[in-house]
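# Coordinate analysis (summary)
Residue-level listing of the chains:
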Amino acid sequence: MTTTYKDTEKTLLDEINLDASKVILEKFSTLVRESSSEDERTAFGHLVSFLEKWGVPHKVHHPELYLSVPVHAGVKVTSPAVKEICAKTPAFAVSTGDQWVSGELVYVPSGHAADMQEVFHSQVSVDSSDLRGKVVITEGLAMPGKVASFDKLGVLGAIFVNPGKNIHDGICTTIWGAPDLDTIDQEPKIPALAVNRADGDELIELCKQGSVQVEFQTVHKKGWFACPLIDIFIEGTEEPEKYVLLHGHLDSWHVGIGDNTTGDAAMLEMARVFFKHRDKLKRSLRIAIWPGHSTGRYAGSTWFADTYGLDLDANCVAQVNCDSPGCRWATSYDYSEWMSEVDELCKGAIRDTVQQGSKGSRPSRAGDYSFNNIGITSFYMLSSSMPEELLKEKGYYPVGGCGANIEWHTEEDLLHVADLDILLKDIKIYTASILRVVNSSILPYNFRNTIDEFMETIQTYQEAAGSHFSFEIALSEAQNLRAELDSYYQQLEGLLNVEVSDSQVRKVNEQLQELGRTLITINFSRRGKFRHDPALDVPKLPDIAPAATLKTLTPDSHLYNVTINHLRRGQNRVAWALKEAKRIIRS
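As the structure is a prediction and not an experimental result, all values here were calculated from the model. (Residues numbered from 1 in each chain as written. Predicted model: local features only at pLDDT ≥ 70, side-chain atom pairs only at ≥ 80, totals over all residues. Heavy atoms only, no water.)

Here we come to the sheet that holds strand S1 (residues 58–61). On the basis of which strands lie adjacent, the open sheet formed by six strands has the order S1-S9-S11-S10-S12-S15 and mixed pairing. Each edge of the sheet is formed by a strand with only one pairing partner; in this case those strands are S1 and strand S15 (378–379). Packed on one face of the sheet, helix H3 (residues 38–54) meets S1, strand S9 (229–234) and strand S11 (283–290) and runs near 20 degrees to S9. (Pairing = 2+ DSSP bridges. Helix = DSSP H or I, 4+ residues; strand = E, 2+ residues; numbered from the N terminus. Contact = heavy atoms within 4.5 Å. Axes fitted to C-alpha atoms, helices over the stretch in contact; angles between N-to-C directions.)

This is how it looks when you write it as structure tokens:
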């Protein structure tokens, strides 16, 4: 009797258990896995011991990563009354070392983040005339966009008021991974600190009442550090050179159970299950577990993307991020992230596996998505999340992980944040989703969704630009490609049950992979192939996104004409990519 894909999927899902996961959670609850630390090395060794016991093929790399590890921060009010305030400093803020810096504190309103996108990418728009030489205080987390906004204003330093009773750790550089010669001068140029809501509100109120003098100190350990990185390769039987890359980080802020011990446990269990049933896999599965996520701005995954860039370009058919699965109260799949072409794949896997609906949105410029510049189809980032009504009931503010639990990036991200029942559900969703890519004859990617997104984006930009600029060329190319994709996918229906090794199936999958390399890069990257965009928001079709600013500019001003010139070049890039996509499917 022929084994069907449903039989294979059931076999793998039934195999999943949490025996190893429980041991990993307990062990990691005793470790502070700061990158380059002994605890991090201990944690990697613990995972390797499981792989060796199971016989799972793997390598341990030791890349030199550029890290900034916060050591100490302090804030003191020196006038109108002396008071010491508990503070933290984000990775890659300027270190004052032994020196305390003094200055007048000035309040700059910016508000707290309304959603997770704002947590990572909010910025500050402010007049610089009154801020040079001052210490500014504002609401929010010390994230790259806000710190970069103050960088340009000549301030002495910036204090960020976190939204709750805990101070959240973080990283404030816009450089993705280690710098290169193009980005070497783009590290933050000011000290930055964070305080909790109560202390921050008190400081803001003092500023409203009159002159406030403060002094602060920041201390970091910064440099190049060798860190372990696990690279697992489970070979498929029919097209072993092609693989799905499943990945997540091991390093943490503090104990970091929900971010990302649960993800490490999930990836180890999937390594065990997929390896045990490797004879049922048509393509391969590669699993990478990163260091340098927290204090290196995704340094581990960036090193991997740089080191294996050509192989990833040639052979990686999808990348799947596993961060913060299996957290307390995280019963919703309405806040998932995936690229448009895998909308049906992800919704179907979640529905079939755990009998729940789901929603997917555009992946943020975050979460070890270090492969957008290569153009790799991607799905998932953070996993399950707390439902909206529960967040409102608990009065929780947005955070960037832990299933929306506000212990994220704090000392309180401990064992109580994990939920084994939810972890089991999430592992099953990841397993089913990955298996459907590994074993589908034709890669399950619907690029009609991508072009539908493009057409909507272009029309939105056209409405914003009005009569100032025409996107007729790009829109026409998108419409033509959309019509050709309809015909293309109709022709593929006869190949859906053909073997992966069939020459025609291989040719079609190469086309689908090349489509992704062409369309994903223009939608998620400004800098182009093998170069990393900064850790700032990348809007849809970024080359033409400045259309949204045209109506705010004075016609025929220098900036207006420069923006028109930018859009002209940007439209050329978009239209060229759409033409390339037509060439690919016509071949």
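Here the largest pocket defines a volume of roughly 1,000 Å³. Looking at the largest pocket, it is lined by 37 residues, and the ones nearest its centre are Asn439, Ser440, Ser441, Ile442 and Leu496. Mapped onto the lining of the largest pocket, the elements with two or more residues apiece are helix H1 (5–15), helix H10 (343–354), helix H12 (420–439) and helix H14 (472–492). In terms of residue count, the dominant contributor to the lining of the largest pocket is H10 (four residues). Of the residues belonging to the lining of the largest pocket, the class tally is 14 nonpolar, twelve polar and eleven charged. (1 Å grid on protein atoms, 1.4 Å probe; cavity = no way out; pocket = protein on both sides within 12 Å on 5 of 7 lines; lining within 4 Å. Points joined across faces, edges and corners; volume = space filled by probe spheres on them. Nonpolar A, V, L, I, M, F, W, Y, C, P; charged D, E, K, R; others polar.)

Taken together, the side chains of Asp334, Glu388, Glu389 and Glu393 present a region of like negative charge at the surface. For Asp334, a relative accessible area of 33% translates into the label partly exposed. (Patch = residues over 30% accessible without salt bridge, like charges linked within 9 Å, V, L, I, M, F, W, Y side chains within 5 Å. Areas by Shrake-Rupley, 256 points an atom, 1.4 Å probe, with all protein chains shown as cover. Salt bridge = Lys/Arg side-chain N within 4 Å of Asp/Glu carboxyl O. Lys, Arg positive; Asp, Glu negative; His and termini not counted. Charge placed at Lys NZ, Arg CZ, Asp CG, Glu CD. Buried < 20%, exposed > 50% of the residue type's maximum accessible area, 1.4 Å probe, protein only.)

Bringing unusual backbone geometry into the picture now. The omega torsion across Ser79 and Pro80 is 15 degrees, close enough to zero to call that bond cis. Within the fold, Pro80 resides in the loop between strand S2 (64–79) and strand S3 (83–85). Residue Leu541 is not a glycine yet carries a positive backbone phi of 40 degrees. With phi around 70 degrees, Asp556 is a residue other than glycine that occupies positive phi space. Its place among the elements puts Asp556 in the loop between helix H15 (503–524) and helix H16 (558–586). Of the residues examined, Asp556 reaches a relative accessible area of 64% and is grouped as exposed.

Ranked by size, the top nonpolar core spans 99 residues in total, and within it Leu246, Phe379 and Tyr380 carry the most contacts. Core analysis: the next-biggest nonpolar cluster, separate from the first, contains 19 residues, Val77, Ile85, Val135 and Ile137 among them. (Core = buried A, V, L, I, M, F, W, Y, C linked by side-chain atoms within 4.5 Å.)

Looking now at H12. In an α-helix there are 3.6 residues to a turn, and that puts residues three or four apart on one side. Here H12 spans 28 Å end to end across 20 residues, near enough to the 28 Å set by a 1.5 Å rise per residue. For H12, the capping residue at the N-terminal end is Asp419, with a side-chain oxygen 3.0 Å from the backbone nitrogen of Asp421. (Expected span 1.5 Å × (residues − 1). Polar contact = N/O pair within 3.5 Å; in protein donor to acceptor, adjacent residues only side chain to side chain.)

For Thr331, the location among the structural elements is in the loop between strand S12 (316–321) and strand S13 (336–337). Taking C-alpha positions, Thr331 is 19 Å from Asn17, a pair spaced 314 residues apart along the chain. With near-sequence residues (within four places) excluded, Thr331 lies in contact with Gln356, Ser385, Pro387 and Ile422.

Another aspect to go through is the side chain of Ser441. Inspection of the secondary structure assignment puts Ser441 in the loop between H12 and helix H13 (447–465). Sequence-distant contacts of Ser441, that is, excluding residues within four places in its chain, are made with Arg283, Leu495, Leu496, Asn497, Val498, Glu499, Val500, Val505 and Asn509.

For the structure on display, the rule yields 15 aromatic pairs. Taking 4.9 Å as the distance between ring centres and 50 degrees as the angle between the ring planes, the aromatic pair formed by Phe304 and Tyr308 counts as tilted. Residue classification places Phe304 among the buried positions, given a relative accessible area of 0%. Taken together, a centroid distance of 5.1 Å and an interplanar angle of 65 degrees make the contact between Tyr380 and Tyr430 edge-to-face. Of the two residues, Tyr380 sits in the loop between S15 and helix H11 (388–394) while Tyr430 sits in helix H12, which places them 50 residues apart along the sequence. Both residues of the pair, Tyr380 and Tyr430, belong to the buried class. Three or more aromatic residues joined by ring pairs form one cluster here, namely Trp290, Trp303, Phe304 and Tyr308. (Phe/Tyr/Trp six-rings, centres within 6.5 Å; stacked < 30°, edge-to-face > 60°.)

Attention now moves to the pairing of strand S8 (residues 213–226). The pairing of S2 with S8 spans 14 bridges and is antiparallel. Residue pairing across strands places Leu67 opposite Gly223, the latter belonging to S8. One ladder, built from four bridges, connects strand S4 (residues 101–107) with S8; its direction is antiparallel. What sits directly across from Ser102, in S8, is Glu215.

This paragraph deals with the sheet that holds S8. In space, the seven strands of this open sheet follow the order S3-S2-S8-S4-S5-S6-S7, with mixed pairing throughout. In the strand order of this sheet, the two ends are held by S3 and strand S7 (192–195), each with one partner. With direction set aside, neighbouring strand axes in the sheet form an average angle of 30 degrees. Summarising the sheet, S2 and S3 pair through three bridges and their orientation is antiparallel. Paired with Val77 across the two strands is Lys83, which belongs to S3. Contacting S2, S3, S4, strand S5 (135–139), strand S6 (157–161) and S7, helix H6 (residues 197–209) runs over the sheet at an angle of about 80 degrees to S4.

Looking now at the packing of H13 against H14. Across the interface, H13 lies against H14 with an axial gap of 9 Å and an inter-helix angle of 165 degrees. Comparing their axes, H14 and H13 come out roughly antiparallel. Crossing of H13 against H14: the hand is left-handed. Contact residues: Phe447, Arg448, Ile451, Asp452, Met455, Ile458, Gln459 and Gln462 in H13; Glu472, Ala474, Leu475, Ala478, Gln479, Leu481, Arg482, Leu485, Asp486 and Tyr489 in H14. A class-by-class count of the residues in the contact of H13 with H14 yields ten nonpolar, three polar and five charged. (Parallel < 35°, antiparallel > 145°, perpendicular 65-115°, else oblique. Left-handed = near helix turned anticlockwise from the far one by under 90°.)

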